[in-house]
Amino acid sequence: MSNLILILAAQILLFTAVASAGDFAKEMNPKRFHKKEKLTHLRVYWHDIVSGQNPTAIMIQKAVSNSSTSFGSITMMDNALTSDVPVNSTVVGQAQGFYAGAAQRELGFLMAMNFAFKTGKYNGSTITILGRNTVFSKVREMPVVGGSGVFRLARGYVEARTKWFDPKTGDATVEYNCYVLHY
């Protein structure tokens, strides 16, 4: 009888240990946020400077061939986001991430970047953009896949429009209209 009690006690302890190992996650009630979802529109200008002595974007992997599509290239960036088209306009944040040549038959990039805001009520907040950018298209749309700070649980999209491009240097200014749902 005592062996049976020991076996049952051991099984109960083992079951309790296994059951408690799954306590690292639990479902939550979304109403706990007590906030309404908001839609915010942000317009910023993204300055990609690849030339000169202080570039904001640096190619870290050249294209796999000498094609005009940049297929296989990878460029890291820490680009200024400004409130207006001129590069010396008020800086409101940084676009930090990379773009990679992902298309073999056209100039198309995979964009993965955070817009990290530095001013006003968005100071310290980010939105994360991940998507396809065919740079010769008049308007490119990419999804907002997340965010932090004010933009916690963000989702939405951005529209990119090239405002200025220098074919000699590769420098560009792109208008980003961001439509972000967040709490």
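Quick note: structure is the one above.
Read on for an overview of the structure. Throughout this document, residue positions are counted from 1 along each chain, in the order its sequence is written. Restriction of local features to residues with pLDDT of at least 70 applies here, the model being predicted, together with a cutoff of 80 or more for giving and counting side-chain atom pairs; totals for whole chains, interfaces and linings are based on all residues. The basis for the side-chain values is all heavy atoms of the structure; hydrogens and waters are excluded.

1. Overview of the overall build of the protein chain
Counting from the N terminus, the helices are DSSP H or I runs at least four residues long and the strands are E runs at least two residues long. When its secondary structure is counted, the protein chain shows one helix and nine strands. Listing each helix as α and each strand as β along the protein chain from the N terminus yields α-β-β-β-β-β-β-β-β-β. The proportion of buried residues among the 183 residues of the protein chain is 34%. When contacts within the protein chain are restricted to residue pairs at least 6 apart in sequence, those whose partners lie at least 24 apart make up 46%. Accessible surface, the protein chain as shown: approximately 11,800 Å² in total, 58% of it carbon and sulfur. The cut-offs for exposure are 20% and 50% of the maximum accessible area for each residue type, with area from a 1.4 Å probe on protein chains only; residues under the lower value are buried, those over the upper are exposed, and the others partly exposed. Contact definition: two residues touch when any of their heavy atoms are within 4.5 Å. Reported accessibility uses the Shrake-Rupley method at a 1.4 Å probe radius. Residues are deemed covered only where the shown protein chains occlude them.

2. A look at the pairing of strand E6 (residues 126-134)
A pair of strands is treated as paired once DSSP finds two or more bridges between them. Pairing of strand E5 (residues 108-117) with E6 involves nine bridges; the strand directions are antiparallel. Within the sheet, the bridge partner assigned to Phe109 lies in E6 and is Asn133. Linking E6 to strand E7 (residues 140-148), which pair antiparallel, is a turn of five residues.

3. Focus on the layout of surface pockets
If you add up the space inside the largest pocket, you get close to 460 Å³. Around the largest pocket sit 22 residues that line it, and Leu107, Phe109, Val135, Phe165 and Gly170 are the ones nearest its centre. Taken together, the elements giving at least two residues each to the lining of the largest pocket come down to strand E1 (38-48), strand E2 (57-61), E5, strand E8 (155-165) and strand E9 (172-182). By residue class, the composition of the lining of the largest pocket is 14 nonpolar, six polar and two charged. With a 1 Å grid spanning the protein atoms alone, the term cavity applies to any set of points in which a 1.4 Å probe fits but cannot get out, the term pocket to an open set with protein on both sides within 12 Å along at least five of seven lines, and the term lining residue to any residue with an atom within 4 Å of a point. Grid points are joined across faces, edges and corners, and a volume is the space filled by probe spheres set on the points. When residue character is reported, Ala, Val, Leu, Ile, Met, Phe, Trp, Tyr, Cys and Pro are called nonpolar, Asp, Glu, Lys and Arg charged, and the others, Gly included, polar.

4. A short note on unusual backbone geometry
Although it is not a glycine, Ser70 adopts a positive phi angle of roughly 65°. With respect to the helices, strands and loops of the structure, Ser70 is situated in the loop between E2 and strand E3 (74-82). You can call Ser70 partly exposed: its relative accessible area is 21%. Although it is not a glycine, Leu153 adopts a positive phi angle of roughly 65°. Relative to the helices and strands, Leu153 is located in the loop between E7 and E8. Assessed through its relative accessible area of 46%, Leu153 is described here as partly exposed.

5. Things to note about the pattern of salt bridges
For this analysis, a salt bridge means a side-chain nitrogen from Lys or Arg found within 4 Å of a carboxyl oxygen belonging to Asp or Glu. In total, this model carries five salt bridges according to the counting rule given. Among the salt bridges present, the one from Arg161 reaches Glu159, with a minimum N-O distance of 3.2 Å. Three or more residues are tied together by salt bridges with common partners; here these are Arg43, Lys163 and Glu175.

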